[in-house]
Amino acid sequence: MVTSRLLRTLSAFNTTARHWVPITPRIAQSQVAQRLSPKSQKKDASRTQRLSLVSWNIDAFSLRPVSRAKLLNHILESPKSPDIIFLQEVTSDVRASLLDNSGVRAALLVTDAEDQTSFEGVPFATMTLLSRARFASDLDPQKEGDGVERGKFMLGSVSRVAVPSKYRRDGLYVDIIPPTVPGTVFRLINVHLDSLGDTLLYRAKQIKMLADVLREPGCGGGIIAGDFNAIRPEDEGLVDENDLVDAWAALHGREGPDGATWGVGVERQDGLGPGRLDKVAMMGLKAEEMEGLRPGRIEVPKPGQTSDEIPWSDHYGLRCTFTI
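Every value quoted in this text rests on a predicted model; they were computed, and no experiment measured them.

Strand order in this open sheet of 8 strands is S3-S2-S6-S7-S5-S4-S17-S14, and the pairing throughout is mixed. Of all the strands in the sheet, just strand S3 (19–22) and strand S14 (286–293) have a single pairing partner and so form its edges. Across the sheet, the axes of successive neighbouring strands diverge by a mean angle of 25°, strand direction being ignored. The pairing of strand S4 (residues 50–57) with strand S17 (residues 317–323) spans 6 bridges and is classified as antiparallel. By the bridge assignment for S17, Ser 52 is matched with Thr 321. Lying over the sheet, helix H3 (residues 92–100) contacts S3, strand S5 (84–90), strand S6 (108–111) and strand S7 (125–131), oriented at roughly 145° with respect to S5.

With 31 residues, the main nonpolar core has Ile 176 and Val 280 as its most contacted residues. Ranked by size, the runner-up nonpolar core spans 29 residues in total, among them Phe 13, Ala 69, Ile 310 and Trp 312.

Structurally, the position occupied by Gln 206 is in helix H5 (residues 200–214). You can call Gln 206 buried: its relative accessible area is 0%. A polar side-chain atom of Gln 206 sits 3.1 Å from a polar atom in the side chain of Asp 194.

The next subject is H5. If you check H5, its first and last C-alpha atoms are 21 Å apart, about what 15 residues at 1.5 Å a residue would give, namely 21 Å. Here H5 has its buried residues at Leu 200, Arg 203, Gln 206, Ile 207, Met 209, Leu 210, Ala 211, Val 213 and Leu 214.

Right, let's talk about the pairing of strand S10 (residues 185–192) for a bit. Burial analysis of S10 places 8 of its 8 residues in the buried class, which makes it a mostly covered element. Going residue by residue along S10, you find Val 185, Arg 187, Ile 189 and Val 191 tucked away on one face and Phe 186, Leu 188, Asn 190 and His 192 tucked away on the opposite face as well. The pairing of strand S9 (residues 170–177) with S10 spans 6 bridges and is classified as antiparallel. Within S10, the residue paired with Ile 176 across the bridge is Phe 186. Bridge analysis of S10 against strand S11 (residues 219–227) gives 7 bridges, and the strand direction is parallel. The residue of S11 that forms the bridge with Val 185 is Cys 219. With H5 bridging S10 and its parallel neighbour S11, the resulting β-α-β unit is right-handed.

Every buried residue of H3 is accounted for by Val 94, Arg 95, Leu 98 and Leu 99. Relative to the axis of H3, the buried residues are bounded by an arc of 135° and lie together on one face. Exposed residues on H3 whose side chains face more than 90 degrees from its buried face are Asp 93 and Asp 100.

Before going further, it helps to examine the pattern of salt bridges. For side chains bearing opposite charge, pairing can occur when the charged atoms are close. Under the criterion given, the structure shown has 23 salt bridges. Of the charged contacts in the structure, one is a salt bridge between Lys 208 and Asp 212, with a shortest N-O distance of 3.2 Å. Pair noted here: Lys 208 and Asp 212 are both in helix H5, with a separation of 4 residues, about one helical turn. Among the residues examined, Asp 212 registers a relative accessible area of 28% and is labelled partly exposed. One salt bridge connects Glu 234 with Arg 232, and the closest N-O pair in it is separated by 3.3 Å.

What follows concerns the confidence of the model for the chain. A residue-level look at the chain finds 87% of positions with pLDDT of 70 or above and a mean pLDDT of 87. Note that pLDDT drops below 50 for residues 28–43; the model gives that stretch 24 contacts with residues more than four away or on any other chain.

What the 7 strands build is an open sheet, ordered S1-S8-S9-S10-S11-S13-S12; its pairing is mixed. Both outer strands of the open sheet, strand S1 (5–8) and strand S12 (245–246), are each paired with one neighbouring strand and no more.

Next up on the list: unusual backbone geometry. Despite not being glycine, Arg 168 has its phi angle at roughly 60°, a positive value. Mapped onto the elements, Arg 168 comes out in the loop between strand S8 (154–162) and S9. The class for Arg 168 is exposed, based on a relative accessible area of 57%. Phi at Asn 229 takes a positive value of approximately 50°, unusual for a residue other than glycine. With respect to the element layout, Asn 229 can be found in the loop between S11 and helix H6 (238–241).

As a further point, take the pairing of S6. Because side chains alternate across S6, one face comprises the buried residues Leu 108 and Val 110, and the other comprises Leu 109 and Thr 111, equally buried. Sheet topology note: the strand S2 (residues 10–14)/S6 ladder contains 2 bridges and is antiparallel. Note that in S6 the partner of Leu 10 across the bridge is Thr 111.

What counts, and at which threshold
In this numbering scheme, every chain counts its residues from 1 along its sequence in written order. Reporting in this predicted model follows two pLDDT cut-offs: at least 70 for local features of residues, and 80 or more for side-chain atom pairs to be given and counted; totals over whole chains, interfaces and linings ignore these cut-offs and use all residues. In computing side-chain values, all of the structure's heavy atoms are included and hydrogens and water are not. A pair of strands is considered paired only if DSSP assigns at least 2 bridges between the two. In this description a helix means any DSSP run of H or I spanning at least four residues, a strand means any run of E spanning at least two, and both kinds are numbered starting from the N terminus. For helices, the fitted line uses only the C-alpha atoms of the stretch in contact; every axis is such a line through C-alpha atoms, and the angle between N-to-C directions lies from 0 to 180 degrees. Between two residues, a contact is recorded if the distance between any of their heavy atoms is within 4.5 Å. Take the buried residues of types Ala, Val, Leu, Ile, Met, Phe, Trp, Tyr and Cys, join any two whose side-chain atoms come within 4.5 Å, and each joined set is a nonpolar core. Under the scheme applied here, a residue whose accessible area is under 20% of the maximum for its type counts as buried, over 50% as exposed, and between as partly exposed, the area being computed with a 1.4 Å probe on protein chains only. In protein, a polar contact requires one atom able to donate a hydrogen and another able to accept it; more generally it is a pair of N or O atoms within 3.5 Å, and residues adjacent in sequence count only if both atoms are side-chain atoms. Working rule for helices: expected span equals 1.5 Å times residues minus one. Looking down the strands as they point away from the viewer, one classifies a crossover as right-handed if the path from the first strand across the helix to the second runs clockwise. The arc in question is the one traced by the directions running from the helix axis out to the C-beta atoms. Salt bridge, as applied in this entry: a Lys or Arg side-chain nitrogen positioned within 4 Å of an Asp or Glu carboxyl oxygen. As a per-residue quantity, pLDDT reports the predictor's confidence and falls between 0 and 100.

Dropping the structure here:
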């Protein structure tokens, strides 16, 4: 199936020029070898690469979205600072604050720094951020003959895949190329599937299309992670139906901890209880560790009164470590 795509870029902050500059993709999709043969896919421990992901719906609609987005500082300062960060419900104002954040500028490569195209006509969008310590950029000071610092992942194309959607949602993907398998792309897809119970058919089509994107020639697999909005019982089968591995279920079992990421500790008037709305689905990768991340709180001053505290988000985050 031919899918419509909006080409995007990853950018690095140039401290000399004082602005974000696009990164040149190392390997175009057309130059990547076809999918590896089963023989060449045999496991080789010496070639295994380990990566960590944090995915978080940062809640566009509660009070003080820019202040709450400073949860990213907490993520970056954590002893388990991730290699990959997927954010959902990023507003235009939050995007601007992230691009101005000194910690983000120093440590991360970001999507959608080049313009606001992805944020026009919608209340929010997704953003992907990658560690400069693990992924190569044009600004890396130490380079080898191929222009890539030893041990770093190279970066391929970046695109937003258009999917059938009531809310103009898409799948934001970044192609990464492991240093140990430079002829193979793995794809990182950041998603915020359609919301509410009446859009189940949209979500089913969205997951199928994005799973097919992981099966394209030259792609050795990858990850689809973010807010799956899995609020209907029928949502639970969509990952398996598309031959994806649900990382939480693989590690904790379907009868283990429920892994709820939304509605935890909250009484809702609509009667909806806690749910595992956020997920990490994989193809060709192996989940090693996974945990839910409880949102912290920020103080909201009230003149002449005791300050209120509100959570960073109405969603828990997810941290997943996996191997390629």
